[in-house]
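Per-entry structural report
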Amino acid sequence: AMASGNALGSCFGGPDDDVWYSFVATNTAHRVSLTNIAGSVTDMYMKIYSGADCGSLVDVACSDPETWNGTGLTVGARCYVRVYTYTTGAQTTTFNICVGTPPPPPANDNCAGAVTLAVRTSLACTTPTSGTVQSATDSGIAVAPCVGTADDDVWYTFQATQASHVVSLSNVVGSVTSMNFQVFSGACGALAGTSVGCGATGTAPSTTLSGLTTGGIYYVRVYTNT
């Protein structure tokens, strides 16, 4: 392949051997993956554009990783993917490219869809509630005084049966295993400033909440630290 001559803009690498692909977005989020990379160089780079045709390209993103998770796409719009080796010079690299679509957000992506948690009568959590943050979105509620990046939070709720309860995260697996949770009092839509507890895997996978109101409704949001 030879250089197409398009400016790199804010991207990096040596696009003297770029090749081009395009797809039409069918969802607001897509994943573009380069796989089975082999040859003289295996460090690849992607630059993604939008535009009606090759003469009206608009920069969208750069990706040094071989996987790009695109969000905020316009359904029906065409995207162009420019692929090249990071290294300049004649290369023999081969690869596969695939455009995938993530599953929809979980039903408890927002507070209004919070999953009800059963309150156990002891510390033995023999039947925990399962969950996932895959495709979850940001609820827009500040994490302070807790920590982490709540851009993929999912929600749960419980009714206190006494003044003290323990909230625990367990069996955490997947792309990120550093998880956080935050507990609020109040009602959905009015949770800002009502945080009553924080927890995190590694440091506090189980957090004891105290001073709860018996019969009160509480909300727990869970999110990855990253």
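Please refer to the structure higher up on the page.
Quick summary incoming for the structure in this document. (Residues numbered from 1 in each chain as written. Predicted model: local features only at pLDDT ≥ 70, side-chain atom pairs only at ≥ 80, totals over all residues. Heavy atoms only, no water.)

All right, on to the overall build of the chain then. The secondary structure content of the chain amounts to 0 helices and 14 strands. Starting at the N terminus and walking to the C terminus, you meet the elements of the chain as β-β-β-β-β-β-β-β-β-β-β-β-β-β. Relative to the compact-globule value of 17 Å for 226 residues, the chain shows a C-alpha radius of gyration of 23 Å, a clear excess of over 25%. Considering the chain as a whole, with its 226 residues, one finds that 35% of them fall into the buried category. Restricting the contact set of the chain to residue pairs at least 6 apart, pairs at least 24 apart contribute 75%. Summed over its atoms, the accessible surface of the chain is roughly 11800 Å², and 55% of this surface lies on carbon and sulfur atoms. Averaging the positions of the 6 positive and the 13 negative side-chain charges in the chain gives two centres separated by 7 Å. (Helix = DSSP H or I, 4+ residues; strand = E, 2+ residues; numbered from the N terminus. Rg over C-alpha atoms; globule rule 2.2 N^0.38 Å. Buried < 20%, exposed > 50% of the residue type's maximum accessible area, 1.4 Å probe, protein only. Contact = heavy atoms within 4.5 Å. Areas by Shrake-Rupley, 256 points an atom, 1.4 Å probe, with all protein chains shown as cover. Lys, Arg positive; Asp, Glu negative; His and termini not counted. Charge placed at Lys NZ, Arg CZ, Asp CG, Glu CD.)

Looking now at the state of the cysteines. A complete count under the given rule lists 3 disulfides for this structure. The disulfide partner of cysteine 111 is cysteine 188, and the gap between their sulfur atoms is 1.9 Å. Between cysteine 111 and cysteine 188, the S-S dihedral sits near -80°, and the bridge is therefore left-handed. Placement of the pair is cysteine 111 in the loop between β7 (94–100) and β8 (115–116) and cysteine 188 in the loop between β11 (179–185) and β12 (195–200), with a sequence separation of 77 residues. Judged by relative accessible area, which is 11%, cysteine 111 ranks as buried. (Disulfide = S-S within 2.5 Å.)

Relative to the elements of secondary structure, cysteine 198 occurs in strand β12. Contact partners of cysteine 198, with chain neighbours within four places excluded, come to Pro145, Cys146, Phe181 and Thr207.

Another point: the pairing of strand β13 (residues 206–209). Only one face of β13 is covered, namely the face carrying Thr207 and Leu209; the face carrying Ser206 and Thr208 is uncovered. As defined by bridge partners, strand β10 (residues 165–168) adjoins β13 across 4 bridges and the pair is classed as antiparallel. Bridge pairing in β13 places histidine 165 opposite leucine 209. (Pairing = 2+ DSSP bridges.)

Looking at where histidine 165 falls in the secondary structure, it is placed in strand β10. Setting aside anything within four residues of it in sequence, one finds histidine 165 in contact with Val119, Phe158, Ala160, Thr207, Thr208, Leu209 and Leu212.

That is the geometry; function is a separate question.
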